[in-house]
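Structural description and commentary
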Amino acid sequence: MLRPFTLHRPETAEDACALLATLGEDAAPYAGGTELLLLMKLGLLRPPHLVDVKRIAGFGDIADGPSLTIGATVTHRTLERSPLVRARCPLVASVARHVANVRVRNVGTVGGNLAFADPHSDLATLFLTLDATVELVSPRGRRELSLAEFVRGPWETARRPDELLAAVRLSPWPAGTGAAYVKFGVHERPTLGIAVALRLDGAGERTRVADARVAIGCVSPRPMRAESAETRLNGVAAAELGDVTGVVADAAAESVDPADDLHGSAEYKREMVAVFARRALRVAAARARGVEPAARFPHAVVA
Ligand SMILES: Cc1cc2nc3c(=O)[nH]c(=O)nc-3n(C[C@H](O)[C@H](O)[C@H](O)COP(=O)(O)OP(=O)(O)OC[C@H]3O[C@@H](n4cnc5c(N)ncnc54)[C@H](O)[C@@H]3O)c2cc1C
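Residues numbered from 1 in each chain as written. Predicted model: local features only at pLDDT ≥ 70, side-chain atom pairs only at ≥ 80, totals over all residues. Heavy atoms only, no water.

1. Remarks on the pairing of strand S6 (residues 133–138)
For clarity, the threshold we go by: Relative accessibility thresholds used throughout: buried, under 20% of the residue-type maximum; exposed, over 50%; partly exposed, between the two (1.4 Å probe, protein chains only). Numbering of helices and strands runs from the N terminus; a helix is a DSSP stretch of H or I covering at least four residues, while a strand is a stretch of E covering at least two. For two strands to pair, DSSP has to find at least two bridges joining them.
Counting buried positions over the six residues of S6 gives five, a clear majority of the element. As judged from the six bridges shared by S6 and strand S7 (residues 141–146), these two strands associate in the antiparallel manner. Looking at the pairing, Glu135 lines up with Glu144 of S7. As consecutive antiparallel partners, S6 and S7 are separated by two residues. In this structure, S6 lies alongside strand S10 (residues 164–170), joined through five bridges in antiparallel fashion.

2. Looking at a negative patch on the surface
Let me state the cut-off plainly: Here the term patch refers to residues with relative accessible area over 30% and no salt bridge, with like charges joined within 9 Å and nonpolar side chains (Val, Leu, Ile, Met, Phe, Trp, Tyr) within 5 Å. Surface exposure here means Shrake-Rupley accessible area, sampled with a 1.4 Å probe, where a residue is shielded only by the protein chains that are shown. A pairing counts as a salt bridge when a side-chain nitrogen of Lys or Arg comes within 4 Å of a carboxyl oxygen of Asp or Glu. When charges are counted, Lys and Arg are positive and Asp and Glu negative, with His and the chain ends excluded. The atom standing in for a charge is NZ when the residue is Lys, CZ when it is Arg, CG when it is Asp and CD when it is Glu.
A cluster of acidic residues, Asp250, Glu254, Glu267 and Glu271, forms a negative patch at the surface. Of all the secondary-structure elements, those providing two or more residues to the negative patch are helix H11 (241–255) and helix H12 (266–288). Overall, Glu254 belongs to the exposed group, its relative accessible area being 61%.

3. Details of the domain arrangement of the protein
Short version of the rule: As used throughout, domain bounds are those supplied by an automatic or database domain assignment. Between two residues, a contact is recorded if the distance between any of their heavy atoms is within 4.5 Å. As used here, buried area is the combined drop in accessible area, with a 1.4 Å probe, of two parts when they are placed together.
Each assigned domain of the protein is listed with its residue range as follows: domain 1 (62–170) and domain 2 (177–302). Computed from C-alpha atoms alone, the centre-to-centre distance between domain 1 and domain 2 is 21 Å. In this complex, domain 1 contributes 21 residues to the contact, which on the side of domain 2 involves 23 residues. Of the roughly 1,800 Å² buried at the junction of domain 1 and domain 2 (both faces included), carbon and sulfur atoms supply 59%. Connecting domain 1 to domain 2 are four salt bridges. In this structure, Lys183 engages Asp122 in a salt bridge whose closest nitrogen and oxygen atoms are separated by 2.7 Å.

4. Re the packing of aromatic side chains
Rule in force here: Within 6.5 Å between ring centres, the rings of Phe, Tyr and Trp (the latter by its six-membered ring) count as paired, and their orientation is classed by plane angle as stacked under 30 degrees, edge-to-face over 60, tilted in between. Note on criteria: charge over ring means Lys NZ or Arg CZ within 6 Å of the ring centre, with the direction from the centre no more than 35 degrees off the ring normal.
What the rule picks out here adds up to two aromatic pairs. Here the aromatic residues Phe184, Phe276 and Phe297 are joined through ring pairs into a cluster of three or more. Looking at Lys54, its charged tip hangs above the ring of Tyr30, at a distance of 4.1 Å from the centre. Here the basic side chain of Arg279 rests over the ring of Phe276, its NZ or CZ set 4.8 Å away from the ring centre.

5. Some thoughts on the site of the ligand
What counts here: Note on definitions. A residue lies near a molecule or strand when any single heavy atom of the residue is within 4 Å of it. Any pair of N or O atoms that falls within 3.5 Å is considered a polar contact. Within protein, one atom must be able to donate a hydrogen and the other to accept it, and sequence-neighbouring residues count only if both atoms are side-chain atoms.
Surrounding the ligand, one finds 29 residues, the nearest of these being Pro29, Gly32, Thr34, Thr109 and Asp122. One of the backbone N or O atoms of Leu36 is found 2.8 Å from an oxygen atom in the ligand. A distance of 2.7 Å is found between a nitrogen atom of the ligand and a side-chain nitrogen or oxygen belonging to Asp122. Here the ligand, which alone exposes 980 Å², has 94% of that area covered by the protein. The element best represented in the shell around the ligand is helix H7 (residues 110–116), accounting for four residues.

6. Here we look at the sheet that holds strand S15 (residues 300–302)
As a reminder of what qualifies: Note on geometry: axes are C-alpha line fits, over the in-contact stretch for helices, and angles between N-to-C directions span 0 to 180 degrees.
An order of S14-S13-S12-S11-S15 is seen for the five strands of this open sheet, with the pairing classed as antiparallel. At either end of the open sheet lies a strand with only one pairing partner, and these are strand S14 (224–225) and S15. As judged from the three bridges shared by strand S11 (residues 177–184) and S15, these two strands associate in the antiparallel manner. Paired with Lys183 across the two strands is Val301, which belongs to S15. Each of S11, strand S12 (192–201), strand S13 (208–217) and S15 touches H12; the most contacted strand, S12, lies at about 35° to it.

What follows is the structure in structure tokens.
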């Protein structure tokens, strides 16, 4: 049962932050409510005041530039359908299409997803490979943090109580980058998400991996880049990518910090990272060569 609360509907970030500063721990920002209202119904959170951020000017915008700026209140559905997102970061639109179910996607926002810091976030995992930064606004002004600095751990961020997440900025990969996101799971939320992006450089036999990005979500306390896997990929000849896939997948599996929970044992999760890292790598490598592979895996989505 939901307890009574006061809903504030400010129209500027300044007014919203002033409310958060005044009300302190009695208030929580409220966007789509898909997480917040669930916790309130369960009695796990009882804020007497909710500050609705959906009317704040600019928070619902998607803007182009050297980076792609996605406002905090942009919904998964808008992300999926945005012609700009599809043109600049097509994988982001494809991944958004597979978040949750259509009811959650219709109201759930990008800002709510990142600010909630659920380790099972598809967006946070994928955004790490796009060098994402988040813009935070407060009565003291604006500040920008890398997404890796912002998401500190399970349901924990660097957001101060009077701050709002205003937008996330992505640095789209250069043309010719092959990328894939593979998510696996049998529960409501994914058990594993792996993002791989490979930029190839050179021609003919001299074509090599110039920039490799691998991010793994759901299995560690927060989504992380797998730097050891990236190091093993950088500089590898395109023709030899198939030979190193096993070593790279093992490095990815070594890099995670899983725990036993309802999604499976730590040992099982580490093994699944190795299996799905191999699969994601194969898809990204094929796409980098301009080939769309037929990739279907049980209980998995390939975006
Ligand atoms: C059934 C179900 C399945 C799901 N499956 C997936 C999945 O497959 N993949 C995936 O990635 N996610 C999944 N999710 C998570 C989903 O993406 C999030 O619930 C949604 O994006 C949260 O957005 P919201 O606007 O509803 O946030 P809210 O519920 O409104 O808020 C969530 C939290 O963020 C805070 N907050 C919201 N906006 C801001 C802001 N602008 N600044 C600061 N703090 C803010 C709130 O105070 C609250 O703590 C699932 C959720 C559900 C319920």
